[in-house]
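Single-letter residue listing:
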Amino acid sequence: MFVGHGVLAFVIVAWLARTLDRPVREAAALGLVAAAFGTLPDVDMVYAPLGLLSGVGSLAGASAAFWETAGAVHRTATHSLVVGALATLAVGAWLARPARWRSPLIPSGRGSVQRPTGAWVRPSPLLSLAAVGVGVSLVLVGVAGGGAVGGAVVALFVAGALGIATLARRADLPGGWTVLAAGVGLLTHPFGDLLTGTPPRLLYPLDAVLLEGRIVLAPDPTVNLLLAFFVELAVIWLGLATVARLQGWRLGWRVHPRAALGVGYAAVLVAVPAPSLDTAAPFVVSVLAVGGVGAPLAVSDGDGGWWDAFVTATSAVTVAGLAYLLAYLVVG
């Protein structure tokens with residue numbers, strides 16, 4: 001679900017901004033900001049590659065070492081609704097601090113003067129200090145729950161949140177909308193992880209547990225994996241539809257007939273053991289490779305070639321997944 005987190009946040013914010021008559025470019029930019037915030041909680045994966053330094057002799061061993069190391073901090077502090085809400089407040093305070101705003105000259109009785117624009121310009125530096133204070137507090141929470149590693153991960157998380165907010169401010173995006181984008185991204189991310197792996201600690205650092213295990217969509221492990229896969233694909237299609245809406249395109253016109261070649265992926269069923277969430281890597285890598293059927297379009301076409309290729313590739317992957325599911329239900 002790594003991609004789906006950011007895409008879902010993009011869809012929500014960009015669609016809402018456009019519905020409320022924000023300019024197209026601004027709606028797209030706000031959606032991208034939301035996508036950045038929606039991806040940010042997975043910064044806790046930065047620690048996982050260290051597990052590969054212990055020495056591994058096979059792909060399976062490397063995968064096991066990677067995820068075992070990631071488990072030390074993954075889906076804890078940065079995936080908490082409590083931490084996400086506090087980080088959103090910190091972003092709001094950070095954006096509210098006085099800054100050098102690029103403003104047009106405003107005529108006045110004594111000549112032209114520069115007047116700061118933007119709803120988040122306020123005179124007191126206490127708000128920026130409050131943002132830093134919240135960030136430091138979150139880092140201390142990370143240290144208390146995960147030691148030096150936990151503190152370092154939360155520090156990256158906080159720095160990333162304030163960094164994204166700073167870039168949004170420099171792009172002259174509305175402060176209120178940027179805070180909304182932060183909240184949508186940070187607070188929707190944990191729910192995207194409820195279908196795969198260990199459920200996040202939604203109320204960290206509190207001891208209360210909302211969910212003991214992940215949500216199971218089907219009793220059959222292979223069907224369960226495929227349904228989770230289709231949830232991710234559905235989110236990606238929503239993202240494509242949102243981009244098409246912003247650009248004024250008809251999404252269906254962008255799909256090349258070669259996407260139908262994805263139906264051939266059903267043959268993989270007889271060559272590869274049926275996957276599950278615990279053994280999903282071969283399935284995910286191979287089914288995404290089917291998306292390569294769209295790549296030639298980017299070379300053969302001119303304007304819009306890459307976009308057409310991506311939509312066709314996504315269509316091919318969708319057809320491949322559906323063909324595999326149908327074959328599994330009939331044969332398996």
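Since we're looking at a predicted model, the values are computed, not measured. (Residues numbered from 1 in each chain as written. Predicted model: local features only at pLDDT ≥ 70, side-chain atom pairs only at ≥ 80, totals over all residues. Heavy atoms only, no water.)

Let's talk about the environment of Leu226
The cut-off we apply is this: Under the DSSP-based scheme used, a helix requires at least four consecutive residues in state H or I and a strand at least two consecutive residues in state E, with every element numbered from the N terminus. When checking whether two residues touch, look at their non-hydrogen atoms; a contact exists if any pair is within 4.5 Å.
Relative to the elements of secondary structure, Leu226 occurs in helix H7 (residues 221-247). Residues Leu226 and Pro275, 49 residues apart in the sequence, show an inter-C-alpha distance of 9.0 Å. Setting aside its immediate chain neighbours within four residues, Leu226 contacts Phe283, Tyr324 and Leu325.

Focus on unusual backbone geometry
Looking along the chain, the bond that leaves Tyr204 and enters Pro205 is cis, with omega of 10°. Relative to the helices and strands, Pro205 is located in the loop between helix H6 (175-188) and H7. In this structure, Asp21 takes a positive phi of about 70° despite not being glycine. By secondary structure assignment, the location of Asp21 is in the loop between helix H1 (2-19) and helix H2 (24-39).

Description of the pattern of salt bridges
Selection criterion: Think of a salt bridge as a Lys or Arg side-chain nitrogen and an Asp or Glu carboxyl oxygen that are within 4 Å of each other. Exposure is judged per residue with a 1.4 Å probe applied to protein chains only, and the accessible area is read against the type maximum: over 50% gives exposed, under 20% gives buried, and values in between give partly exposed.
If you walk through the whole model with that rule in mind, you get three salt bridges. In this structure, Arg22 engages Glu26 in a salt bridge whose closest nitrogen and oxygen atoms are separated by 2.5 Å. Classification of Arg22 by relative accessible area gives partly exposed; the value is 26%. The exposure class assigned to Glu26 is buried, which follows from its relative accessible area of 16%. Across the salt bridge formed by Asp193 and Arg75, the nearest N and O atoms sit 3.3 Å from each other. Of this pair, Asp193 sits in the loop between H6 and H7 while Arg75 sits in the loop between helix H3 (59-70) and helix H4 (81-95), and the two are 118 residues apart along the sequence. The same class applies to Asp193 and to Arg75, which are both buried.

So, the packing of H2 against helix H5 (residues 126-170)
We apply this condition: As a rule, the C-alpha atoms of each element are fitted with a line to give its axis, helices using only the stretch in contact, and angles between N-to-C directions run from 0 to 180 degrees. Should an angle fall under 35 degrees it is called roughly parallel, over 145 degrees roughly antiparallel, and 65 to 115 degrees roughly perpendicular, with every other angle called oblique. Three classes are used, and their members are as follows: Ala, Val, Leu, Ile, Met, Phe, Trp, Tyr, Cys and Pro are nonpolar, Asp, Glu, Lys and Arg are charged, and the others, Gly among them, are polar.
It is the contact of H2 with H5, at a shortest axis distance of 10 Å, that shows an interaxial angle of 175°. In terms of axis orientation, H2 runs roughly antiparallel to H5. Of the residues in H5, those in contact with Val33, Ala36 and Phe37 of H2 are Ala161, Ile164, Ala165 and Ala168. When its residues are assigned to classes, the contact of H2 with H5 shows seven nonpolar, no polar and no charged.

Some remarks on a nonpolar patch on the surface
Defined as follows: Put simply, a patch holds well-exposed residues, over 30% relative accessible area, that have no salt bridge, with like charges counted together within 9 Å and Val, Leu, Ile, Met, Phe, Trp or Tyr side chains within 5 Å. Note on areas: Shrake-Rupley, 1.4 Å probe, and residue coverage restricted to the protein chains presented here.
Together, Leu326, Leu329, Val330 and Val331 give the surface a local cluster of nonpolar side chains, amounting to about 440 Å² of exposed area. As for its position among the elements, Leu326 is in helix H10 (residues 305-331).

Some points on the environment of Thr76
Within the secondary structure, Thr76 sits in the loop between H3 and H4. Judged by relative accessible area, which is 18%, Thr76 ranks as buried. Along the chain, Thr76 and Pro200 lie 124 residues apart, while their C-alpha atoms are 6.0 Å from each other. Once residues within four sequence positions are removed from consideration, Thr76 is found in contact with Asp44, Arg201 and Tyr204.

Topic: the packing of aromatic side chains
Counted only if it meets this: Pairs were defined over the aromatic rings of Phe, Tyr and Trp, the Trp ring being its six-membered one, requiring ring centres within 6.5 Å. Orientation was assigned from the angle between planes: stacked under 30 degrees, edge-to-face over 60, tilted for the rest. For a lysine, the NZ atom is tested; for an arginine, the CZ atom; a charge sits over a ring if that atom is within 6 Å of the ring centre and within 35 degrees of the ring normal.
The full count for this structure, using the stated rule, is six aromatic pairs. Aromatic pair Phe229 and Phe230: ring centres 5.9 Å apart, planes at 55°, arrangement tilted. Phe230 matches Phe229 in its accessibility class, with the two residues each being buried. The interplanar angle of 75° and the centroid separation of 5.4 Å between the aromatic rings of Phe229 and Phe283 together place this pair among those described as edge-to-face. With a gap of 54 residues between them, Phe229 in helix H7 and Phe283 in helix H8 (residues 281-289) connect regions that are remote in the sequence. Just as Phe229 is buried, Phe283 falls in that class too. One aromatic cluster in this structure is built from Phe229, Phe230, Tyr265, Phe283 and Tyr324. Cation over ring: Arg245 sits above Trp15, and NZ or CZ is 4.4 Å from the ring centre.

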